[in-house]
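# Remarks on the overall topology
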Amino acid sequence: MKLTDSPAWQALSAHAASFSQHHLRDLFAADAGRFERFSRRCDGLLLDFSKQRIDAEAHRLLLDFAAAADIDGWRQKMLSGEIINHTEGRAVRHVALRAGEAAPPETRAVLAQMQDCCDSIHNGVWRGYSNERITDVVNIGIGGSDLGPRMAARALAAAQQPDLRVHFVANVDAADIAPLLARLDPRATLFIIASKTFTTQETLINARTARAWLLAAAGSEEAVARHFIALSTARERTREFGIADANVFEFWDWVGGRFSLWSAIGLSLALAVGWSNFTQLLAGARAMDEHFANAPAADNLPLTLALLTLWNTDFLGAPSAAVLPYSQSLELLPAYLQQLEMESNGKQTDRAGQGIGVPTNPIVWGAAGSNGQHSFYQLLHQGGQLVPCDFIALGESDFPLPGHHRPLLANCLAQSAALAFGQTAAELRAAGVSETLLPYKLFPGNQPSSTLLLPRLDAYTLGQLLALYEHKTFCLGVLWNLNSFDQWGVELGKTLAGRIEPLLAGNGDASAFDASTRGLLAALRSAS
Ligand code: F6P
């Protein structure tokens, strides 16, 4: 049966048609207990979704829809290691990476290897080719082999290890790696080549550049063993690249790239913030895993976030969703969530190979507050487009400088209230606003949002937060009946780039390409 023909979908559709015109002002006025009804607490976190455009009936119907989609059954399949990534024939077991004592022996062995590596670098035992202590680590990777550790190292800047700088290079554009190499000392620099497949073009080009840079200074291939580490599932390819087996940190095809922070891919993060913080990150994620596995549907935070996204996207018609962390340290979270959610669920083919027929993942975007207030919030308030927002705020600051945190929190609360309730003509008139200016100063409101409060930002709460969004992503895949764990949509561009590159060098026949591509090729060739 088509998703949209199912009784549970039809019931939601009918309710949305009669309900969607209600204003959040009216919903709050009609229900003094709305905050209590639509907020949930879990292990120090508070999710307030009372400013979402739902009522008790919508909530009930969404939970019915989740039950009809067999969310419990799919979660069980994932957690028990069934091959749920059916297009690639793989299990999905990132949860096992952070299972502590219950983790599989092979994952615990790699964690032990990572801890040893951290100890030897932090303690100055690991030395470069001329016996220098390592002062700089460069993670070379892209997508899931970059965004997670980069975002988490930024988020935990308050816990940064002394005497070690960790850098991230992703783009094949030389403007990424060249200025970094220019300020590093090859004698004291360690490169981590992070690539699940070890075939990714951008990563391998940057890795070769890094190796050439090192060899130009060291003069001998032997230096590679002291300055290169690989994080990969592809042992043959890491050998081919010349990385000693002892410097390869393994992971497995059942870890998706965008779910891989908890695997060896987290090594750069562990180096940046220390081993005990890395284990705290795993512990926070594990606590969220336990909540996800055991909490009843109505109290289940990841499922709640997923159901709200389903409602906003497919029943209220919102094409995008903003992530607005009121934390400068979480400034890279929107970029991380873009890959997690859009690469997982930006699909139109269901598990049976049929068209889904409704929009799936919204376009995820966002920026740290309060900065965004001075750029794009104008559109959120008066642009006439529905943009559901996730506000994220911290009970206490990770950088406790007097005078900063309270204004930050006040701005966060003010924005979600202004977006929800707006400002009416009557209020403006009562405030003495002239009739000429009144139309410009109207705020329609009714813009839905959730607010997630973390008691503080540390490795544990970051682990909770990231696992929360991972499981939200999983739930949405189940609700849309799609496979969240493949990414066939990235392949065509890679193939075409392979055919276009020789043409840029003037080799080959471009006639199979369209007129636009041929015109651009000609312009670039004549410019070079
Ligand atoms: O091209 C998309 C992608 O495969 C992502 O899914 C992945 O995170 C990224 O490229 C990097 O892949 P790898 O870790 O294999 O280099």
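A short tour of the structure in this document, coming up. (Residues numbered from 1 in each chain as written. Predicted model: local features only at pLDDT ≥ 70, side-chain atom pairs only at ≥ 80, totals over all residues. Heavy atoms only, no water.)

## Focus on helix α13 (residues 275-294)
Taking 1.5 Å of rise per residue, 20 residues should cover 28 Å, and α13 covers 29 Å from first to last C-alpha, within 8% of that figure. Regarding α13, the residues found buried are W275, F278, L281, L282, A283, G284, A285, A287, M288, D289, H291 and F292. (Helix = DSSP H or I, 4+ residues; strand = E, 2+ residues; numbered from the N terminus. Expected span 1.5 Å × (residues − 1). Buried < 20%, exposed > 50% of the residue type's maximum accessible area, 1.4 Å probe, protein only.)

## Details of the pattern of salt bridges
Following the criterion strictly, the structure yields 24 salt bridges and no others. Across the pair R75 and D72 runs a salt bridge whose closest N-O atoms are separated by 2.7 Å. With R75 and D72 both in helix α5 (residues 71-79), this residue pair falls three residues apart, about one helical turn. Take R75: its relative accessible area is 10%, and that puts it in the buried class. E132 is the salt-bridge partner of R187, the closest N and O atoms lying 3.9 Å from each other. With R187 in the loop between α8 (174-182) and β5 (189-194) and E132 in the loop between α6 (105-122) and β3 (136-140), the pair connects residues that are 55 residues apart, well separated along the chain. In this structure R187 comes out as partly exposed when scored by relative accessible area, which is 35%. (Salt bridge = Lys/Arg side-chain N within 4 Å of Asp/Glu carboxyl O.)

## Some details on the environment of Q423
Structurally, Q423 can be placed in the loop between α17 (405-421) and α18 (425-430). Q423 sits 220 residues away from T203 along the chain, and the two C-alpha atoms are 50 Å apart.

## Describing the site of the ligand
In the vicinity of the ligand lie 14 residues, with S145, S195, K196, T197 and T200 positioned nearest. G144 places a main-chain nitrogen or oxygen 2.8 Å from an oxygen atom of the ligand. S195 places a polar side-chain atom, nitrogen or oxygen, 2.6 Å from an oxygen atom of the ligand. When isolated, the ligand has an accessible area of 400 Å², and the protein chains bury 87% of it. Residues that form the shell around the ligand fall into these classes: two nonpolar, nine polar and three charged. (Near = heavy atom within 4 Å. Polar contact = N/O pair within 3.5 Å; in protein donor to acceptor, adjacent residues only side chain to side chain. Areas by Shrake-Rupley, 256 points an atom, 1.4 Å probe, with all protein chains shown as cover. Nonpolar A, V, L, I, M, F, W, Y, C, P; charged D, E, K, R; others polar.)

## What to know about the sheet that holds strand β10 (residues 389-394)
Backbone hydrogen bonds hold the strands of a sheet together, and the pairing may be parallel or antiparallel. Reading across the sheet, the six strands line up as β1-β2-β11-β10-β8-β9 and stay open at both edges, with mixed pairing between neighbours. Because the sheet does not close on itself, it has two edges, and the strands there are β1 (39-42) and β9 (363-366). With direction set aside, neighbouring strand axes in the sheet form an average angle of 15°. Its contacts with the sheet put helix α14 (residues 301-315) on β1, β2 (45-48) and β11 (449-454), and the angle it makes with β2 is roughly 25°. (Pairing = 2+ DSSP bridges. Axes fitted to C-alpha atoms, helices over the stretch in contact; angles between N-to-C directions. Contact = heavy atoms within 4.5 Å.)

## Examining the nonpolar core
Core analysis: the largest hydrophobic core is formed by 115 residues, its most contacted members being L267, W311, L333, L462 and L479. Broken down by element, the residue count for this core peaks at twelve residues, all from helix α20 (residues 459-479). Beyond its immediate stretch of four places on either side in the chain, L333 contacts M151, V323, I392, L465 and L466. Counting 23 residues, the second-largest nonpolar core is a separate cluster that includes V138, L180, L214 and F228. (Core = buried A, V, L, I, M, F, W, Y, C linked by side-chain atoms within 4.5 Å.)

## Focus: the packing of aromatic side chains
Taken as a whole, this structure holds 18 aromatic pairs when the rule is applied. Ring centres of F38 and F49 lie 5.6 Å apart, and the angle between their planes is 50°; this geometry places the pair in the tilted category. Of the two residues, F38 is situated in the loop between α3 (34-37) and β1 and F49 in the loop between β2 and α4 (56-68); the sequence distance between them amounts to eleven residues. On the basis of an interplanar angle of 50° and a centroid distance of 6.2 Å, the ring pair of F228 and F241 is categorised as tilted. One end of the pair, F228, is in strand β6 (residues 228-232); the other, F241, is in helix α11 (residues 235-241), with 13 residues separating them in the sequence. Like F228, the residue F241 is buried in the burial classification. Joined through ring pairs, the aromatic side chains of W9, F19, F65, W311 and F315 make up one cluster. Between R34 and the ring centre of F28, over which it is positioned, the NZ or CZ distance is 5.2 Å. Positioned over the ring face of W74 is K77, at 4.1 Å from the centre of the ring. (Phe/Tyr/Trp six-rings, centres within 6.5 Å; stacked < 30°, edge-to-face > 60°. Lys NZ or Arg CZ within 6 Å of the ring centre and 35° of its normal.)

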